[in-house]
Amino acid sequence: MKISIVSLNTKHLDEMRRFTEVDINRDVKVFPGGMEMLAPVADQFHPDILIFECDEQDLTDFSALSRLNLRHPDITVILLSNIQASETLLSAMRAGVREVLPSPANREALNLAISRVEEKRMLQNSARPKGKVFAFIPCKGGSGSTFLSTNLAYNLATQEDKNVILIDLNLQFGDAALFVTDHKPSVNLAEVARQIHRMDASFLASSLITVLPNLGILAAPDDPVQAMEVTPAHIDTLVNLARNHYDVIILDIGRALDPVSIKALDHADIVFPVLQITLPFVRDARRLLDVLRSLGYSRDKIKLLVNRYEKGGEINLEDVEKTLGLPVFKTIPNSFRAVAASVNQGIPIAKLSPNNPVTRTIQELSKSLVSEASSGESWWGNLLNHFKGGETSKKVIADPSMTRPISSTRE
């Protein structure tokens, strides 16, 4: 629990530090100053609790506290005042202050107020499950990975009523937003990274392109040079925060494997490599899977998606599975005209062509990610059971090398 204390009275600051530093889990910082210090402290340190001891002059104008509450709704403000008039208390509450205590601070009263906040936050955190992270990565350029990630995000938001965020991590040439909206980003990932010290739920939400009330996209940098500003630590902060506020976090990862993309893959509950059934795709898929295995990812974490699949092709699914050593989790049928229209118009395929086979397949994938089994297990537990069942239903033997050509036997 991070606690920041602001007061013009340095003696009171020292006392309140001693009063509150009774728990090793509390990180307490004190700042001498008045109302003008609230915004800098909130923006730079983002405490869970902000304790502000105000003077009579501060009580005449609570606009700074109102702005603070709008900008950082998850910061709990406790006000200390030597004036306890009902008008003052009412104005403070309207400005977003959680509690008003007499000044100077009383040890017991201050710690009781802090304990109430801590207890409420613990209940909120325990009541809401962490969001699930799905990462999409192309085995080769042109696989359709971004099309699938964006349209899955749209279906999870519309069909399954999930609160979804998509983070475009194709840092060099990302354009995920163009697949589902014509809205232009006002902020991109690189600009967010520069202000990571401000990161909270409201700042993250304000940085997104709003596709739907429950679907937002954090755009990739406009300039590939800006990509160098994004670090693995930034990904840690973003994904950890998103897990606490969104049901599903979708990471659209570019083809380059670098420290940033690897950090994103580390966070993923499921990684979806996307390929098409041609020899170059299968060869590159084998290389990618070798890297993922070397990173220590389990078989349960990696689920293959075959895009633009057509039955009766020269290379069949069994050949691919033997070569890659993994089963294909889902095949997305080939419907080039409808997909091209969706991409060109920036309209989700479910909206543009609701009866298209690709639409139905993405809807099935969306439903499988959130379906509840009749046994009452969590949707995530059922998803893993579904995966495991799919893997045990067929025996898959990996081809130890790519030197032997893939069979051209038709299905």
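Our structure's up above, just so we're on the same page.
Anyway, here's the lowdown on the structure attached to this text.

Reading the values: rules and limits
- Residues numbered from 1 in each chain as written.
- Predicted model: local features only at pLDDT ≥ 70, side-chain atom pairs only at ≥ 80, totals over all residues.
- Heavy atoms only, no water.
- Helix = DSSP H or I, 4+ residues; strand = E, 2+ residues; numbered from the N terminus.
- Buried < 20%, exposed > 50% of the residue type's maximum accessible area, 1.4 Å probe, protein only.
- Contact = heavy atoms within 4.5 Å.
- Areas by Shrake-Rupley, 256 points an atom, 1.4 Å probe, with all protein chains shown as cover.
- Pairing = 2+ DSSP bridges.
- Axes fitted to C-alpha atoms, helices over the stretch in contact; angles between N-to-C directions.
- Left-handed = near helix turned anticlockwise from the far one by under 90°.
- Nonpolar A, V, L, I, M, F, W, Y, C, P; charged D, E, K, R; others polar.
- Salt bridge = Lys/Arg side-chain N within 4 Å of Asp/Glu carboxyl O.
- Core = buried A, V, L, I, M, F, W, Y, C linked by side-chain atoms within 4.5 Å.
- Phe/Tyr/Trp six-rings, centres within 6.5 Å; stacked < 30°, edge-to-face > 60°.
- Lys NZ or Arg CZ within 6 Å of the ring centre and 35° of its normal.

**Points about the overall build of the protein**
At step 1: Looking only at helices and strands, the protein has 16 helices and 13 strands in total.
At step 2: Across the 411 residues that make up the protein, the buried fraction comes to 51%.
At step 3: Sequence separation of 24 or more characterises 77% of the internal contacts of the protein that already satisfy a separation of 6 or more.
At step 4: A total of about 19,200 Å² of accessible surface is found on the protein, and carbon and sulfur atoms cover 52% of it.

**What to know about the environment of glycine 33**
At step 1: One can find glycine 33 in the loop between β2 (27-32) and α2 (38-45).
At step 2: Sequence separation between glycine 33 and cysteine 54 is 21 residues; the distance between their C-alpha atoms is 9.4 Å.

**Overview of the sheet that holds strand β1 (residues 2-7)**
At step 1: In spatial order, the strands read β2-β1-β3-β4-β5; together these 5 strands make up an open sheet with parallel pairing. Two strands bound the open sheet, and with one partner strand each, they are β2 and β5 (97-102). Strand-to-strand, the axes of this sheet are offset by a mean angle of 20°, without reference to chain direction.
At step 2: Pairing of β1 with β2, which is carried by 6 bridges, proceeds in the parallel orientation. By the bridge assignment, isoleucine 3 is partnered in β2 with valine 28.
At step 3: Each of β1, β2, β3 (49-53) and β4 (76-81) is contacted by helix α1 (residues 10-20), which is oriented at about 160° to β1, the strand it contacts most.
At step 4: Sheet strands touched by α2: β1, β2 and β3. Its angle to β1, the strand with the most contacts, is close to 160°.

**A few points about the packing of helix α6 (residues 145-158) against helix α15 (residues 357-370)**
At step 1: It is at 9 Å that the axes of α6 and α15 come closest, and there the two elements cross at 65°. The element α6 and its partner α15 pack so that their crossing is right-handed. Residue-level inspection shows Phe147, Leu148, Asn151, Leu152, Asn155 and Leu156 of α6 in contact with α15, the latter providing Val358, Ile362, Gln363, Leu365, Ser366, Leu369 and Val370.
At step 2: Of the residues that constitute the contact of α6 with α15, the class distribution is 9 nonpolar, 4 polar and no charged.

**Considering the pattern of salt bridges**
At step 1: One pass over the full model with this rule turns up 15 salt bridges.
At step 2: When the shortest N-O distance is used, the salt bridge between arginine 293 and aspartate 290 registers 3.5 Å. With arginine 293 and aspartate 290 both in helix α11 (residues 279-294) and 3 residues apart, the pair spans about one turn of that helix.
At step 3: Lysine 322 is paired through a salt bridge with glutamate 318; the nearest N and O atoms lie 3.4 Å apart. Linking lysine 322 with glutamate 318, this pair stays in helix α12 (residues 317-324), spanning 4 residues, or about one helical turn.
At step 4: Via salt bridges that share partners, Lys140, Arg255, Asp284 and Arg287 belong to a single interconnected network.

**Some remarks on the nonpolar core**
At step 1: Leu169, Leu204, Leu251 and Leu275 are the most contacted members of the largest nonpolar core, which totals 52 residues.
At step 2: With 6 residues, the single largest contributor to this core is α11.
At step 3: When near neighbours in sequence (up to four residues on either side) are disregarded, leucine 169 contacts Leu189, Ile235, Leu251, Asp252, Ile253, Gly254 and Ala264.
At step 4: One finds Val164, Leu215, Phe272 and Ala350 within the second-largest nonpolar core, a separate group that totals 36 residues.

**Side note on the sheet that holds strand β8 (residues 209-212)**
Hydrogen bonding along the main chain pairs the strands of a sheet, whether they run parallel or antiparallel.
At step 1: An order of β8-β9-β7-β10-β6-β11-β12-β13 is seen for the 8 strands of this open sheet, with the pairing classed as mixed. A strand with exactly one partner marks an edge of an open sheet, and here the two such strands are β8 and β13 (328-333). Each adjacent strand pair in this sheet contributes to an overall mean axis angle of 20°, direction not counted.
At step 2: In the sheet, β8 pairs with strand β9 (residues 215-218) via 3 bridges, with the strands oriented antiparallel. By the bridge assignment, isoleucine 209 is partnered in β9 with isoleucine 217.
At step 3: Sitting on the sheet, α15 is in contact with β6 (132-138), β11 (270-275) and β13, with an inclination near 150° to β13.

**A look at the environment of leucine 288**
At step 1: Note on placement: leucine 288 falls in helix α11.
At step 2: Residue class for leucine 288 comes out buried when judged on its relative accessible area of 8%.
At step 3: Apart from the residues lying within four places of it in its own chain, the contact partners of leucine 288 are Ile137, Pro138, Cys139, Leu257 and Pro273.

**Examining the environment of alanine 338**
At step 1: Here alanine 338 is to be found in helix α13 (residues 336-345).
At step 2: Taking relative accessible area as the criterion, alanine 338 reaches 12% and is therefore assigned buried.
At step 3: Remark: the alpha-carbon pair of alanine 338 and leucine 352, spanning 14 residues in sequence, is separated by 8.2 Å.
At step 4: What alanine 338 contacts, discounting residues up to four positions off in sequence, is Ile349, Ser353 and Asn356.

**Topic: the packing of aromatic side chains**
The description of two aromatic rings rests on the distance between their centres and on the angle between their planes.
At step 1: Enumeration over the complete set of coordinates arrives at 4 aromatic pairs.
At step 2: Taking 5.0 Å as the distance between ring centres and 35° as the angle between the ring planes, the aromatic pair formed by phenylalanine 136 and phenylalanine 272 counts as tilted. Residue phenylalanine 136 is located in strand β6, and its partner phenylalanine 272 is located in strand β11; the two are separated by 136 residues in the primary sequence.
At step 3: When the centroid spacing of 6.4 Å and the interplanar angle of 35° are considered together, the rings of phenylalanine 272 and phenylalanine 329 count as tilted. Highlighted residues: phenylalanine 272 in strand β11 and phenylalanine 329 in strand β13, separated in sequence by 57 residues. Taken as a pair, phenylalanine 272 and phenylalanine 329 share a single burial class, namely buried.
At step 4: The rings of Phe134, Phe136, Phe272 and Phe329 are connected pair by pair, giving a single aromatic cluster.
At step 5: Over the ring of tyrosine 297 we find lysine 301; its NZ or CZ atom is 4.2 Å from the centre of that ring.

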